[in-house]
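Remarks on the overall topology
Okay, here's what each chain looks like letter by letter:
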Amino acid sequence: MTRHRAHVPAAARTIRAAVTALLALTFTFTASAQLPTDSYQGPLLPDPSLLARRAEPVWRDRLDSPTAVVTESAVVYLRDGRLVATELASGWQQWSYGSGLTGPLLQAEDLVILADGGRVTALDAADGTQRWSTQVTELPVRFLETTGTVLVAGSGAGGYLVLDLRTGAPSHTFDVPGVARLVHLGPELTIFSADYGEPNVRWYHAYSTSTGEELWRGRGWLRLLGVMDGRAYLLNQPAPGSTAADARFSVSVVDATRGTRSEHWQYEFSELLDAWHLSADTSLRLTGEALYVTDPRGGRVFSFPHGGAGEPTATYAAAGGAYRAGPYLNLLLFEGEDHNLLAAALDSGRIIEYLFPGTLISRLDLVGTRAYVGRADGTHLAVDLTNARVRHLLRTNGSGFGPTLTAGGYVVVQGSAEVLVLEAVE
Amino acid sequence: MNGMKRLLLTVLLLLGAPVAAAQTLTLHTMFGPSPANADRVMVSGEDGRWREVEGAGGVYTAQLEGARYSLAVTCFTPQGPTITVYRFLLDEVSSLQHTCPGQGDVLTTPTRVTGELRTGPSAGRVPNLASVYVGGRQVYSGVASEGATFGATMPPSAGADLLALDAALGEVPGRALLQRGADLADAPLLLDLTSEQALELVQYELAVADAESAMLENTTLTARLVTCGGLNAPVGAAVPAGSSRAAYAALPEAVREECDRYELTALATDATGMTLRLASAVLAEPTATELVLPEPVALPLIDTVGTDPLRARFTWQQEPGVLFYVGALTDGRVTWNFVQSAWLAPSMTVAPWGADVAAPDLRGGEFYWGFGAVRGAGGVDQVLRAYLQSSVTGQGGYWGPVTPGLAFQLYMTGGPWAPHATELPGSR
C-alpha cells in the first residue's frame, strides 16, 4: 500500500509546530515538577486456561437472546428473529420457522411452544411443522408455563388463558385483576401475585388449575415461599409501626385450596438486620426440612426450623462471600470475595472451594452433580460438586450467560449473543 | 526442593512389569482416590505426531506403533496443569497407572476421631511415649500419661485399622492395641493399653551391612507396619543417626494376618547430602534382617543448554539395572514431569544418555527442576523411593533476548553439572 502525505497549509504547520513545542515544554515541566502520583494494584489472577481444560465447541451460532430450549437431538433458538432447530451433534439446521419472532418459547412433550405477539403456536419439535396456533390476547404474550397437559399463557395484564397443550383449544381463563405474575403452577393449584388497588399492596389469587375457579385471594404477604403438601407458605409483611421489624419475620401457612391460615410461624434473627424486610436481594428458600434466609447482603444464610424459632439453628457464611444458590446436595453455594465458587456444607458448615478466583460470576446453574458457572469475562466453567474437579473452561465472546442446558451427551451454553454446543466431559 | 520431590513421587506411578511385544498400552487414570479420565491423554510414535486417546471411566487403550513411543497425560489442578510425559520402548510396559492430584468425595463429612488413652506406669523415671495411628495418619503422639486424650479430623475412612503403641523412651514399642476395621463413628474411643486386649509385641533386629563405610555415620534405619486395612505406622526404635543396628517391633504371631507387611529401610547419605544410598525390604513374616546398601546411581549432569524452546540435556552414565529416568520442571504455573526408559539409550557405544526436556510453555521467570535416575530392580514402592538415590534438584531462571537471534538465556543452580554449560545471568 502506498501512502500519500496530505497537503498541509503553512499556517496549520505553524500551529502544529507551536502545539508540539508547547507539549514538549509541558512534558518537561511535568517531569521536573514530579507531581505526586498514586496507583492501585488489584489482584493478579492467573490465566484461567492454566487451571482447567479448554473446551472447544462442537459448533456455535448467533443467538438473539438466551432463551433456547433443547429437544432430544437439537437445540431450538431464535436467530435473527427466526426460530431454528440445529442438531446438537453436527450443527446442521434441522428446521426453521417464522420471522420477526422474539419469544418467549418453551419445550413441552414433543412440542416447541412459541409466542408471537398475542398468538401462541405449537410446533412439532422433530420437524418444525405447525401443530396448532391460538390467539391468546391482544397484548404480546410474556408468560408461558405448562403443567401436565395444560398450557398457561398471558401478557401479565387482563388475565391468563389456559389451553390444552395437545390441541391448543382454550379451556378456561384465570381472571386475575391488575398486573399479575404467575408465581405457582401445579396440577391442581395456580397462584398469581397481582398489583392493583392501593399502592404497595400485593394481592395473591389462587385458582383451580383444571377449572379456573378462584379458590381464594389474600393480601398482607410479601412473597410466596412455596406450595407443599396442600399448603402454601407466604412471608408476611411486618406489622405496621413495629420497631423491631428487622429483627424478626413471620410466615403464614395457608390451606392451599381454602386460603385459611392454619399456622403462623414466627422467627427472630436474635440480631437487628437493617432493612431486611425492604431488601429485594434477600433470599428465602423453603425446603421440606428447614427455612433458609439470607441477610440483606447475602453474606450469611440463617437456617430455621419449620414452625418458628427464637433464633437460627445455624448460620452459614463463606469468608465474605455472597449467597448464590442452594440448598443443593446439602450445600449452600456462595460467590467468594475473589469471585471463587464456595460451598458451605449444611451438616457441618465446612467450606468447600469449588472454583478458583476469577471475574464476577454472572450465571450459576446446578445440574445433577455438576455446577456450570458463567463469568463476566465470558468464560464458562463446569465443576463437579462431588469432587471439586473442574471439567471444562470455555471462552465465549460475550459477557453474560443464560441457562446452561444439557441433552444427551451435550452441554448447551447460551452466551449473550451466541449459542455454543459442547460435548459433555465425562 | 522437598516439595519438588514430593511432586515427583506423587506422579511416579505404578509401572507394570515388562511383557513381551505389547502392541497396546492400557492406561488407568485416577482423580485422587477414584478412577476417572485424565484431562487429556496423547500418544506419539516415532514420527513425532501426537494424537489424542479417548478414555472411559479412567481406562485408556493406546494402540502403539514403531519401536518406541511417548505418552503425555495432562491433569489440571487449581495450581496449574501438570503434564507428565512417559517415553518407553514398545514392548517394555503393558499397563500404567497415573493419578491426577485431586480430592475424594468432598460431599462426605470428614470423620472426627476422639478418644482417651490408658497406659500403665513407666518402668523408670522417664515416662513412656504413646502414639496412635488411624490408617496412615498419626492422631496422637506424646507422653503416655494416664487419661491422655486425643482428637483429629480425618478424611472419611470407613473401616481403617487403628494402632496404639506404648514405648519406653528410645526403645522399640513394647505394647500395642490393634483394632482392625475400627468403627470410628462411635466416639470417643477408649484405648486401654493395660487391658487384656493389649498385645505384647515381638522384637527383631534390623541391621545394615557395609559397616566399614564412612557413610554409615549418616544412616537412618526405619521400620513400618503396613496392613491391608490401610494402617501405616512406624514400629522401629528411635536410634541415634549412624547406628548400624536397631530393633523393630512386630505383632505376635497369633494376630498376624496374611497381608500384613513390614517395610524395613536403610538410608545413607554422604556428608554433602548429594549422594544417597537406599536399601529396603518388605517382609510378610518379620525376621531379623540385614540390609545391603547399593552403590549409588550416577548423578545426572547438565551438559547442554538450548534456547527456543527451552531445552536442557541431562546426562547420566549408563548403568545396568537403571530402568527409569525421572524429572520435573515447573515455573509455578505449568509443571512438566518426565518418566523415561533407560533402554531408550541411543546405543551401547555412546555411553551417556541424554534426556531432552522441552517445555515450550515456559516463558520468563524462575523455575524449579529436579531430575534423577531410578533403580527399578525391586517393587514399585521401592522404585519410587529409590528416586532419592540419585536425584538432583535446583533452581533456574531465564530472561528476555539480549542479542539478535538468541531468544532466551538459561541458568541453573543446584547440584552437580558440567561447568562449561552453565550460563550465568548476563554472561552473554
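Reading the values: rules and limits
By convention here, each chain's residues receive numbers from 1 onward along its written sequence. All chains are assigned letters beginning with A, and all ligands numbers beginning with 1, in the order in which they are written. Since the coordinates come from a predicted model, pLDDT governs what is reported: local features require at least 70, and pairs of side-chain atoms require 80 or more to be given and counted, while whole-chain, interface and lining totals use all residues. The helix and strand labels rest on DSSP assignments: H or I over at least four residues marks a helix, E over at least two residues marks a strand, and numbering proceeds from the N terminus. For a compact globule the rule gives 2.2 Å times the number of residues to the power 0.38, and the radius of gyration it is set against comes from C-alpha atoms. Field definition: a residue is buried when 20 or more other C-beta atoms are found within 10 Å of its C-beta, exposed when 12 or fewer are, and partly exposed for counts in between, with C-beta atoms placed from the backbone. Remark: residues whose backbone-derived C-beta atoms lie within 7 Å of one another are considered to be in contact. Two strands form a pair only when DSSP identifies at least two bridges running between them. Only C-alpha atoms enter the line fits that serve as axes; for helices the fit covers just the stretch in contact. Angles between N-to-C directions range over 0 to 180 degrees. Nonpolar cores are identified as sets of buried Ala, Val, Leu, Ile, Met, Phe, Trp, Tyr and Cys residues joined via C-beta atoms within 7 Å. Polar here means any residue outside two lists: the nonpolar Ala, Val, Leu, Ile, Met, Phe, Trp, Tyr, Cys and Pro, and the charged Asp, Glu, Lys and Arg; Gly therefore counts as polar. For every residue, the pLDDT score states the predictor's confidence, bounded by 0 at the bottom and 100 at the top.

1. Notes on the overall build of chain A
Helices and strands together make up the secondary structure of chain A, namely one helix and 36 strands. Since a compact globule built from 426 residues should have a radius of gyration of about 22 Å, the 27 Å found for chain A marks it as more spread out than a globular shape. Here the C-alpha coordinates of chain A stretch approximately 90 × 60 × 50 Å along the principal axes. Residues classed as buried in chain A amount to 34% of the 426 residues present.

2. Let's talk about the overall build of chain B
Along its length, chain B carries two helices and 32 strands. With 428 residues in all, chain B has 38% of them scored as buried. Within chain B, contacts between residues separated by at least 24 positions form 62% of all contacts whose residues are at least 6 apart in sequence.

3. A word on the sheet that holds strand β19 (residues 231-236) of chain A
Residues and elements named next belong to chain A. Strand order in the open sheet made by the four strands is β18-β19-β20-β21, with antiparallel pairing throughout. For this open sheet the edge positions go to β18 (221-228) and β21 (261-268), each flanked by a neighbour on one side alone. The sheet shows a mean angle of 20° between the axes of neighbouring strands, taken without regard to direction.

4. A look at the environment of Tyr160 of chain A
Residue and element names in this part refer to chain A. Relative to the assigned elements, Tyr160 resides in strand β12 (residues 160-164). Linking Tyr160 and Gly212, residues 52 residues apart in sequence, is a C-alpha distance of 9.8 Å. Setting aside its immediate chain neighbours within four residues, Tyr160 contacts Val152, Ala153, Gly154, Thr173, Phe174, Val176 and Leu182.

5. Considering the nonpolar core
Val75, Ile113, Ala153 and Leu332 of chain A are the most contacted members of the largest nonpolar core, which has 130 residues in total. Per-element tally for this core: the top contributor is strand β7 (residues 68-77) of chain B, with six residues. Discounting residues that sit within four places of it in the chain, Ile113 of chain A has contacts with Leu105, Leu106, Ala108, Val120, Ala122, Leu144 and Leu151 of chain A. Counting 52 residues, the second-largest nonpolar core is a separate cluster that includes Ala176, Leu191, Ala246 and Leu264 of chain B.

6. Some details on the sheet that holds strand β16 (residues 202-208) of chain A
Residues and elements named next belong to chain A. A sheet is described by the order of its strands in space; here four strands give the open sequence β14-β15-β16-β17, paired in antiparallel fashion. Two strands lie at the open edges of the sheet, namely β14 (179-185) and β17 (214-219), each paired on one side alone. The mean inter-strand angle of the sheet, taken between neighbouring strand axes irrespective of direction, is 20°. Bridge count between β14 and strand β15 (residues 189-195): six bridges; the pairing is antiparallel. For Leu182, the partnering residue across the bridge sits in β15 and is Phe192.

7. Some words on the interface of chain B and chain A
The partner chain A presents 18 residues to the 20 residues of chain B that form the contact. A class-by-class count of the residues in the side of chain B that touches chain A yields eight nonpolar, eight polar and four charged.

8. A look at the confidence of the model for chain A
Within chain A, residue pLDDT values average 88, and 92% of them lie at 70 or more. Every residue in residues 1-32 of chain A scores below 50 in pLDDT, and together they form two contacts with partners more than four places removed in sequence or on other chains.

9. Some points on the pairing of strand β35 (residues 410-414) of chain A
Residue and element names in this part refer to chain A. With four of five residues buried, β35 lies mostly within the body of the structure. Connecting strand β34 (residues 405-407) to the antiparallel partner β35 that follows it, the hairpin turn spans two residues, and Gly408 within it adopts a positive phi of roughly 55°. Bridging between β35 and strand β36 (residues 418-423) involves five bridges; their strand directions are antiparallel. Each residue of the ladder has a partner; that of Val412, found in β36, is Val421.

10. Focus: unusual backbone geometry
Residue and element names in this part refer to chain A. Note that the residue after Gly103, namely Pro104, is joined by a cis bond; omega there is 5°. Locating Pro104 in the fold gives a position in the loop between β5 (93-97) and β6 (105-108). With an omega dihedral of 10°, the bond running from Gly326 to Pro327 counts as a cis peptide bond. Tracing the backbone through its elements, the reader meets Pro327 in strand β26 (residues 322-328). For Asp229, which is not a glycine, the phi torsion comes out positive at approximately 50°. Phi at His339 takes a positive value of approximately 65°, unusual for a residue other than glycine. Of the residues examined, His339 has 22 C-beta atoms within 10 Å and is grouped as buried.

11. Examining the pairing of strand β10 (residues 143-147) of chain A
All names here are of chain A. When β10 meets strand β11 (residues 150-154), the two strands line up antiparallel, connected through five bridges. If you follow Phe143 over to β11, its bridge partner there is Gly154. In sequence, β10 turns back onto β11 through a hairpin of two residues, with Gly148 there showing a positive phi of about 60°.

12. With respect to the environment of Ser34 of chain B
As for its placement among the helices and strands, Ser34 of chain B is situated in strand β2 (residues 34-35). Look at Ser34 of chain B and you get partly exposed, because 15 C-beta atoms sit within 10 Å. Taking the C-alpha atoms as reference, Ser34 of chain B lies 15 Å from Gly55 of chain B; in sequence the two are 21 residues apart. Residues in contact with Ser34 of chain B, not counting those within four places in the same chain, are Asn387 of chain A together with Gly104 of chain B.

13. Regarding the confidence of the model for chain B
When pLDDT is low, close inspection of the predicted coordinates is not appropriate. Residue and element names in this part refer to chain B. Model confidence for chain B is summarised by a mean pLDDT of 72, while 62% of its residues fall at 70 or above. Strand β6 (residues 59-63) holds the highest mean pLDDT among the elements of chain B, 95, whereas strand β29 (residues 352-358) holds the lowest, 40. Considering only residues more than four positions removed or in separate chains, one finds that residues 397-428, a stretch of pLDDT under 50, has 61 contacts. For this predicted complex, the interface score ipTM comes out at 0.78, alongside a pTM of 0.80.

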